[in-house]
Amino acid sequence: MILSDKQVSEIRAGLLGNVRYFVKWLFISLAVGTVGGAAGTVFSLGVEWATDFRGENGWTLFLMPFAGAAIVWLYQTFHEEGNRGTNMVIESISSNETVTPATGPLIFVSTILTHLVGGSTGREGAALQLGGSIGNVFAGIIRLDEKDKKVAVMCGMSAVFSALFGTPAAAGIFPLEVVSIGVMYYAALVPCIFASYTGVGIARLAGLPGENFPIP
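All values derive from a computational prediction rather than experimental measurement.

> How do you make sense of the packing of helix 6 (residues 146-165) against helix 8 (residues 189-205) when you look at a structure like this?
Each pair of packed helices can be summarised by the angle the axes make with each other and by the distance between the axes. Look at helix 6 against helix 8: their axes get within 7 Å of each other, and the N-to-C directions meet at 30 degrees. As helix 6 packs across helix 8, the resulting crossing turns out to be right-handed. The residues of helix 8 that touch helix 6, namely those facing Val151, Met154, Cys155, Ser158, Ala159, Ser162 and Ala163, are Pro191, Cys192, Ala195, Ser196, Gly199, Val200 and Ala203. When the residues that make up the contact of helix 6 with helix 8 are grouped by side-chain class, the tally is ten nonpolar, four polar and no charged.

> Would you take a moment to explain the pattern of salt bridges for this structure?
Close approach of charged atoms allows side chains with opposite charge to pair. In total, this model carries three salt bridges according to the counting rule given. Lys149 serves as the salt-bridge partner of Glu146, at 3.4 Å between the closest nitrogen and oxygen. Remark: Lys149 and Glu146 occur in helix 6; sequence separation between them is three residues, near one turn of the helix. According to the relative accessible area criterion, Glu146 is partly exposed, its value standing at 34%. Overall, Lys149 belongs to the buried group, its relative accessible area being 14%. One salt bridge connects Glu146 with Lys150, and the closest N-O pair in it is separated by 3.9 Å. Linking Glu146 with Lys150, this pair stays in helix 6, spanning four residues, or about one helical turn.

Cut-offs and rules
Residues numbered from 1 in each chain as written. Predicted model: local features only at pLDDT ≥ 70, side-chain atom pairs only at ≥ 80, totals over all residues. Heavy atoms only, no water. Axes fitted to C-alpha atoms, helices over the stretch in contact; angles between N-to-C directions. Helix = DSSP H or I, 4+ residues; strand = E, 2+ residues; numbered from the N terminus. Left-handed = near helix turned anticlockwise from the far one by under 90°. Contact = heavy atoms within 4.5 Å. Nonpolar A, V, L, I, M, F, W, Y, C, P; charged D, E, K, R; others polar. Salt bridge = Lys/Arg side-chain N within 4 Å of Asp/Glu carboxyl O. Buried < 20%, exposed > 50% of the residue type's maximum accessible area, 1.4 Å probe, protein only.

Just distances and angles here, no functional claims.
Structure below.
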């Protein structure tokens, strides 16, 4: 079969387009993964410090009402009273919901403060909010369109989750699954994997061993 010059040009243009897309997301995912990995590392160290300090100083339990008031004040100061946390981050991928820039810093401070006084809060939702905020801010800086912004948000979620828990493969796939039950966002698979392994690499360089749950 002999291809015409037009067909050859179309094939060449398609290949070049794919290469450009790959290179573009390689750099974006590495950048988001680096920032997300650093943020996840600092967040993990902060939570660990707060937990250890609380364990050695039981009196911090009596500061819980003040910590709660401080968190409420922070959210009101930054006009984030209506912030829906993890749900907002997830909906920003499946709809036109926007992750506010203040989401990351607020969940960072409030989670560590909660651990410091013995409050009940997990790290999973905080990791997704922090990562989603980082991805959204980065997308705004380089002016990505709406579709690419969603992928950047997912890359941020993967990077922070991976750095925090030391599970790069699971962290790379997890955001693709939580967006919509039963539907995989395959377009973000490679960028999320790149961001995830970059994030865990940053955490390893900082000395974080990752979570380990031995089963006897």
